[in-house]
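Fold and geometry: a report
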Amino acid sequence: MMLTQREREIIALLRRDPLAGPQAIADALGSTRAAVNVHLSNLGKKGAILGRGYILREENAVVVVGGANTDVKVRSLAPVRQRTSNPGRAGTTAGGVGRNIAENLARLGTPTHLIAAVGRDAAGERLLAETAAAGVRLDHVHRSAHPTGTYTAVLDADGDLVVAVADMAATEALAPEDLHPARELIAHADMLVLDGNLPSAVLAHAMDVAHPADVPVVIDPVSAPKAALLAPLFTAHRPVFALTPNLDELRALLGRPVGDDATEVTAAAATLHDRGVRHVWTRLGARGSVLSSAGEEPRFLTAPSAEVADVTGAGDAMLAAFVHALLAGGDAVDAARYGHAAAALTVASPATVRPDLTPRLIEDALNETTPLSPSSPLNAPVSARPDA
């Protein structure tokens with residue numbers, strides 16, 4: 001977005017006094033009200049001013065559209081025994097893939113807006129209060145007639161997920177018209193992040209708002225069943241900047257088996273490149289990830305080692321850090337490495353979103369692990385361990 005010198009001067013005045021009117025701006029610049037009105041109109045067309053009231057567009061602002069719910073996490077104190085009672089500990093936190101991504105981005109210092117559906121209940125009020133306290137903008141959250149969603153996860157003694165049950169009725173009831181008040185916000189974002197929990201019609205609508213405005217779209221498929229529902233959305237006429245599946249989700253997106261060797265993973269990614277996806281970042285759990293970018297050599301990135309306290313939220317931190325690094329000017333490989341470091345820091349914390357996550361913390365972790373976790377051309381088989 002190129003601004004003239006006069007437009008930059010007006011933006012500077014509005015940052016100091018957002019309520020300044022055209023005449024006050026003209027007086028400060030030694031100009032005329034008519035000339036200022038022309039500049040303000042041009043700033044609106046360029047997206048530097050959003051809507052009425054001279055709301056300034058934030059640099060590197062991200063819009064996240066996705067799920068927001070209450071996480072109930074139950075952790076066994078010993079190896080889980082099926083079909084019987086297990087002693088353990090339980091806790092409740094704010095959660096939801098989209099919401100978690102938004103909070104991680106805000107904690108990293110990226111201006112972030114969340115569009116999600118929560119109920120008109122005490123759980124929704126608590127969820128919004130905690131999310132706002134982390135710095136996420138919530139002006140376009142939709143208040144649903146359904147109860148605020150819940151995600152109940154059972155973890156074993158090592159912090160690995162045993163089973164989870166999600167009640168996402170509020171998110172599933174979200175409709176394209178619920179996004180209409182945020183169309184201008186989406187069209188002027190620096191990046192749009194979409195959570196695969198959303199109904200396909202909502203995802204398609206958000207992508208169709210972003211595409212003509214050249215807003216890069218990043219999509220987290222969330223799960224294999226959700227990925228299968230998303231597959232028809234990927235066409236060359238609706239380009240996607242980045243897609244972040246795990247191996248099971250990659251298989252679901254293509255509707256066919258994909259082996260865990262390098263040749264099959266990269267061939268699967270190539271199919272998605274043909275469907276308009278620029279970067280396919282396939283996550284392989286503790287093994288690392290494969291980053292395939294259209295027209296470039298695929299890269300394998302090893303995951304930093306970490307003491308696991310709780311795996312919940314690691315993928316959300318990974319994607320958020322990836323987006324943050326891209327907007328800071330990093331290339332896709334460096335951004336993916338940055339995401340791996342954020343994920344390692346998150347699994348080492350009992351919190352779904354690590355409250356002390358900062359760019360400095362990630363950079364320190366990268367400085368410690370880079371010699372042990374290089375990226376390399378993908379020229380060897382990927383081991384067949386299960387995804388984390």
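Along each chain, residue indices are assigned from 1 in the same order as the chain's sequence is written. With the structure being a predicted model, the display of local features is reserved for residues of pLDDT at least 70 and the display and counting of side-chain atom pairs for 80 or more, all residues being used for whole-chain, interface and lining totals. Values shown for side chains rest on all heavy atoms present in the structure; no hydrogens or waters enter the calculation.

Thoughts on the overall build of the protein chain
Going by this rule: Helix and strand labels come from DSSP, where a helix needs a run of H or I of at least four residues and a strand needs a run of E of at least two; each type is numbered from the N terminus. Values of the radius of gyration come from C-alpha atoms, whereas the globule rule sets the reference at 2.2 Å times the count of residues to the power 0.38. The contact criterion used is simple: two residues touch if any of their non-hydrogen atoms lie within 4.5 Å. Only the protein chains shown count as cover for residues, and all accessible areas are computed by the Shrake-Rupley method using a 1.4 Å probe. Residues scored as positive are Lys and Arg, those scored as negative are Asp and Glu, and His as well as the terminal groups of each chain are ignored. By convention, the charge on Lys lies at NZ, on Arg at CZ, on Asp at CG and on Glu at CD.
What the protein chain contains, in helices and strands, is 14 helices and 17 strands. For the protein chain, whose C-alpha radius of gyration is 22 Å, the value lies close to the compact-globule estimate of 21 Å for 388 residues. When the backbone C-alpha atoms are referred to their principal axes, the protein chain occupies close to 75 × 50 × 40 Å. In the protein chain, the proportion of contacts linking residues at least 24 apart, taken out of those at least 6 apart, comes to 68%. Approximately 17200 Å² of the protein chain is accessible, and the part contributed by carbon and sulfur atoms is 54%. Side chains of the protein chain give 34 positive and 43 negative charges; the mean places of these two sets differ by 3 Å.

Observations regarding helix α10 (residues 247–254)
Owing to its 3.6 residues per turn, the α-helix brings residues three or four apart onto one side. The condition that has to hold: Each residue gets one of three labels from its accessible area relative to the maximum for its type: buried under 20%, exposed over 50%, partly exposed in between, using a 1.4 Å probe on protein chains only. As used in this structure description, the phrase polar contact means that two N or O atoms lie within 3.5 Å; if the pair is within protein, one of them must be able to donate a hydrogen and the other to accept it, and residues adjacent in sequence are counted only when both atoms belong to side chains.
For α10, a buried count of six out of eight residues is recorded, marking the element as mostly surrounded by other parts of the structure. What α10 keeps buried is the set L247, E249, L250, A252, L253 and L254. The inward-facing, buried residues of α10 abut α9 (224–230), β13 (240–243), α11 (262–274) and β14 (277–283). Its side-chain oxygen at 3.1 Å from the backbone nitrogen of D248, N246 defines the N-terminal cap of α10. Positive phi shows up at G255, right after α10, with a value of about 70 degrees.

Digging into the side chain of D156
Applied cut-off: By definition, a salt bridge exists where a carboxyl oxygen of Asp or Glu is found within 4 Å of a side-chain nitrogen of Lys or Arg.
Inspection of the secondary structure puts D156 in the loop between β9 (149–155) and β10 (161–167). There is no salt bridge for the buried D156, and the closest opposite charge comes from R75, which lies 6.0 Å off by N-O distance. Other than its neighbours up to four places away in sequence, D156 contacts R75, S76, V80 and V162.

Details of the pattern of salt bridges
By the definition in use, this model includes 10 salt bridges. For E125, the salt bridge goes to R143, with nearest N and O atoms at 2.9 Å. Of this pair, E125 sits in helix α5 (residues 122–133) while R143 sits in strand β8 (residues 142–144), placing them 18 residues apart in sequence. By relative accessible area, which is 46% here, E125 ends up partly exposed. For R337, the salt bridge is made with D334, and the minimal N-O distance between the two is 2.9 Å. Within this pair, R337 and its partner D334 are both found in helix α13 (residues 332–347), separated by three residues, close to a single helical turn. One continuous salt-bridge network, built from bridges that share partners, spans R99, E103 and R107.

Points about the confidence of the model for the protein chain
Our working rule: Per-residue confidence from the predictor is reported as pLDDT, a score between 0 and 100.
Across the protein chain, pLDDT averages 88, with 91% of residues at or above 70. Low confidence marks residues 370–388, where pLDDT is under 50. Its contacts with residues over four positions away, or in another chain, come to 50 contacts.

So, helix α8 (residues 200–210)
Counted residue by residue, α8 has eight buried out of 11 residues, so it is predominantly covered. Looking only at α8, the buried set comprises V202, L203, A204, H205, A206, M207, V209 and A210.

Overview of the packing of helix α2 (residues 22–29) against helix α3 (residues 33–46)
A pair of packed helices is characterised by two quantities: the angle between their axes and the separation of those axes. The condition that has to hold: To get an axis, a line is fitted to the C-alpha atoms, and for a helix only the part in contact is used. The angle between two axes follows their N-to-C directions and goes from 0 to 180 degrees. Roughly parallel covers angles under 35 degrees, roughly antiparallel covers those over 145, roughly perpendicular covers 65 to 115, and oblique covers all other angles. Charged residues are taken to be Asp, Glu, Lys and Arg, nonpolar residues to be Ala, Val, Leu, Ile, Met, Phe, Trp, Tyr, Cys and Pro, and polar residues to be all remaining types, Gly included.
Running from amino to carboxyl end, α2 crosses α3 at an angle of 110 degrees, the nearest separation of the two axes being 8 Å. For the element pair α2 / α3, the angle class is roughly perpendicular. Here P22, Q23, I25 and A26 of α2 lie close against α3, whose contacting residues are R33, V36, N37 and L40. The class makeup of the residues in the contact of α2 with α3 is five nonpolar, two polar and one charged.

Some remarks on the sheet that holds strand β5 (residues 88–95)
To summarise the sheet geometry, strands pair through backbone hydrogen bonds and adopt either a parallel or an antiparallel arrangement. What counts here: Whether two strands pair comes down to DSSP finding at least two bridges between them.
Across the sheet, which stays open at both edges, the four strands sit in the order β5-β4-β9-β10 with mixed pairing between neighbours. A strand with exactly one partner marks an edge of an open sheet, and here the two such strands are β5 and β10. Between one strand and the next, the sheet's axes are offset by a mean angle of 15 degrees, whatever the strand orientation. Bridge count between β9 and β10: six bridges; the pairing is antiparallel. Bridge pairing in β10 places L155 opposite L161.

Some thoughts on the pairing of strand β6 (residues 112–115)
Regular strands have side chains that alternate between both faces of the sheet. The alternating pattern of β6 places T112 and L114 on one face and H113 and I115 on the opposite face, and all of these are buried. Strand direction decides the pairing type here: strand β3 (residues 62–65) and β6, joined by four bridges, are parallel. Within β6, the residue paired with V64 across the bridge is L114.

Quick word on the packing of aromatic side chains
Keep this limit in mind: Any pair of Phe, Tyr and Trp rings, taking the six-membered ring for Trp, is counted once the centres come within 6.5 Å. Such a pair is stacked with planes under 30 degrees apart, edge-to-face with planes over 60 apart, and tilted for the rest.
Going through the model one piece at a time under the given rule, you end up with one aromatic pair. When the centroid spacing of 4.7 Å and the interplanar angle of 35 degrees are considered together, the rings of W281 and F322 count as tilted. Of this pair, W281 sits in strand β14 while F322 sits in helix α12 (residues 314–327), placing them 41 residues apart in sequence. Here W281 falls in the buried class, since its relative accessible area comes to 1%.

Quick notes on unusual backbone geometry
In this model, R83 sits at a positive phi of 60 degrees, which is unusual for a non-glycine residue. Note on placement: R83 falls in the loop between β4 (69–76) and β5. Judged by its relative accessible area of 87%, R83 falls in the exposed class. Of note, D214 is a non-glycine position whose phi angle comes to about 60 degrees, a positive value.

Concerning the side chain of D71
Structurally, D71 is set in strand β4. The buried charged residue D71 lacks any salt bridge partner; its closest oppositely charged side chain belongs to K73, at an N-O distance of 5.9 Å. Here the side chain of D71 touches N69 through a polar contact of 3.1 Å, side chain to side chain. Leave out the neighbours within four places in its chain, and D71 touches G91, T92, T93, A94, G95, G96, N100, Y151, T312 and T352.

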